[in-house]
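One-letter residues, chain by chain:
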Amino acid sequence: MMQENETLDILTGRDPEKRTLSLDALRSFIAICDTGSFRRAALRVHKSPSAVSLQIGKLEELLGARLLDRDARHVELTEQGGTLLGQARRILGLNDETLALFSRSPIAGHLRLSAPHDLGVSLVPRLLRRLAEVHPGVHVDVRLGTSEAVQHGIKDGSVNLALFNDVGASNIRARDLFSEPLKWLVLDGGSAVRQNPLPLAAAEVGCAWRDAALNALEMSGRAYRVAYSSDTSMGQVAALRADLAIAALPLSLADRDLVEAPAHYELPQLPPTHIRVADDGSELARAVVSLIAADLELHSPVAAE
């Protein structure tokens, strides 16, 4: 007969031959890594922050390793946490792929999707993974360009679906997915913001954020020069970290080194930035738009604030 303490070990996962990782705990761990916050992760996985914290504690106990270093403001991966993150994504990906095999979607076809470079790096990969899970019969071709070129693709019929950054009212029929403040970001304690003319890091012509920044500076009469050009916000962030320039970027890109320019520099106000989606009206495109909207309702950085 099994001893009482042996039974307890198996039920609690302490038996080394019976240990099993919790998929729910792995989802919470990934959510923390993606959002940088226990609070935002809790919103994403529909749990309380204390429940998420308890999950991580049990996960660390099970693995015998500290996964996260955290204080009142920041959460950072440890070396062991970085190892788990890659494994966790693969484990959950295999789980979702297996479920998809038994719930085939009737939606299938070929979709041409266009997006600006930033969204192509930050948003599109996750959406493609989600699309493959829910509608594995849909094959997607992705084209990256400026927001202006992306919108033109819908107008001329060369793409079925367009994801793009925008400021102000949209020039085409589109659905708002989420919005966030566009701010002047600078290196904390840096000197670029004190230069005259202001050195800017900006994307190529046709980028909505570039247009917003230049229009605001011109309307205010502030002298500037484009000192650094990059197709992606990460390239602009690199210029800011090197104190080569300042940039108009979403506030979500601010961190301990990159901060909003202090008010005493009197930089002009910027409009909010909107992430929008437009489709060609086809059944396939509309199905994908519905999936995108549902996914972003849970995962949008603004919704999580």
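We now turn to the structure provided with this report. Here the residue numbers are simple positions, counted from 1 along each chain's written sequence. Reporting in this predicted model follows two pLDDT cut-offs: at least 70 for local features of residues, and 80 or more for side-chain atom pairs to be given and counted; totals over whole chains, interfaces and linings ignore these cut-offs and use all residues. With hydrogens and water set aside, each side-chain value is computed from the structure's full complement of heavy atoms.

### Focus on the overall build of the protein chain
Each helix corresponds to a stretch of at least 4 residues labelled H or I by DSSP, and each strand to a stretch of at least 2 residues labelled E; elements are numbered beginning at the N terminus. Scanning the protein chain from N- to C-terminus turns up 11 helices and 12 strands. In this scheme, a residue with accessible area under 20% of its type's maximum is buried, one over 50% is exposed, and one in between is partly exposed, where area comes from a 1.4 Å probe on protein chains only. Across the 305 residues of the protein chain, 42% fall into the buried class. Any two residues whose heavy atoms approach within 4.5 Å at even a single point are treated as in contact. Residue pairs at least 24 apart in sequence account for 74% of intrachain contacts in the protein chain once pairs closer than 6 positions are excluded. Summed over all atoms, the accessible surface of the protein chain reaches about 16400 Å², with 52% contributed by carbon and sulfur. All accessible areas in this document rest on Shrake-Rupley with a 1.4 Å probe, and a residue is counted as covered only by the protein chains that are shown.

### Focus on the pairing of strand E5 (residues 161-166)
Taken across its six residues, E5 has six buried, putting it largely inside the fold. Across the two faces of E5 the burial is the same, with Leu-161, Leu-163 and Asn-165 and Ala-162, Phe-164 and Asp-166 all buried. In this analysis, strands are considered paired if DSSP registers two or more bridges between them. Taken together, the six bridges between E5 and strand E12 (residues 273-279) define a ladder with antiparallel strand orientation. Across the sheet, the residue bridging to Asn-165 is Ile-275, located in E12.

### A closer look at the pattern of salt bridges
Salt bridges are defined as contacts in which a side-chain nitrogen from Lys or Arg sits within 4 Å of a carboxyl oxygen from Asp or Glu. Under the definition given, this model contains 10 salt bridges. Salt-bridge contacts for Asp-176 lead to Arg-276; the nearest nitrogen and oxygen are separated by 2.5 Å. Taken together, the residues span a long stretch of sequence, with Asp-176 in strand E6 (residues 175-180) and Arg-276 in strand E12 at a distance of 100 residues. Given a relative accessible area of 42%, Asp-176 falls into the partly exposed group.

### Re unusual backbone geometry
The omega angle of the peptide bond from Asn-196 to Pro-197 is 0 degrees, so this bond is cis rather than trans. Mapped onto the elements, Pro-197 comes out in the loop between strand E7 (182-187) and strand E8 (198-202).

### Observations regarding the nonpolar core
Nonpolar side chains tend toward joint burial in soluble globular proteins. Working definition of a nonpolar core: buried Ala, Val, Leu, Ile, Met, Phe, Trp, Tyr and Cys residues. They are joined through side-chain atoms within 4.5 Å. Of all hydrophobic cores here, the largest spans 31 residues; its most connected members are Trp-184, Val-193, Leu-240, Ile-246, Leu-249 and Leu-267. Elements represented by at least two residues in this core include exactly E7, E8, helix H9 (208-220), helix H10 (233-241) and strand E10 (247-250). Take this core: its biggest share by element is six residues, from H9. In this structure Val-193 touches Val-186, Leu-198, Ile-246, Ala-261, Tyr-265 and Leu-267, once residues within four positions along its chain are discounted. In this structure, Leu-161, Ala-285, Val-289 and Leu-291 belong to the second largest nonpolar core, which totals 22 residues.

### What about the environment of Gly-82?
Here Gly-82 lies in helix H5 (residues 79-101). Taking relative accessible area as the criterion, Gly-82 reaches 36% and is therefore assigned partly exposed. Counting along the chain gives 14 residues from Gly-82 to Leu-68, while the straight-line C-alpha distance between them is 9.1 Å.

### What to know about the side chain of Thr-78
Following the sequence through the fold, Thr-78 ends up in the loop between strand E2 (75-77) and H5. Counting of polar contacts relies on pairs of N or O atoms within 3.5 Å, with two restrictions inside protein: one atom must be capable of donating a hydrogen and the other of accepting it, and residues adjacent in sequence are counted only when both atoms are side-chain atoms. A polar side-chain atom of Thr-78 sits 3.0 Å from the main-chain amide nitrogen of Gly-81.

### Regarding the sheet that holds E6
Strand order in the open sheet formed by five strands is E4-E3-E5-E12-E6, with mixed pairing between adjacent strands. The sheet is open, and its two edges are formed by strand E4 (137-145) and E6, each paired on a single side. Here the strands of the sheet are splayed against their neighbours by 20 degrees on average, with no regard to which way each runs. Two strands pair when backbone bridges link them, and strand E3 (residues 108-116) and E5 are joined in this way by two bridges, in the parallel orientation. Looking across to E5, one finds that Ser-114 is bridged to Ala-162. Its contacts with the sheet put helix H7 (residues 124-134) on E3, E4 and E5, and the angle it makes with E4 is roughly 170 degrees. Think of each axis as a best-fit line through the C-alpha atoms, taken over the contacting stretch in the case of a helix, with angles from 0 to 180 degrees between the N-to-C directions.

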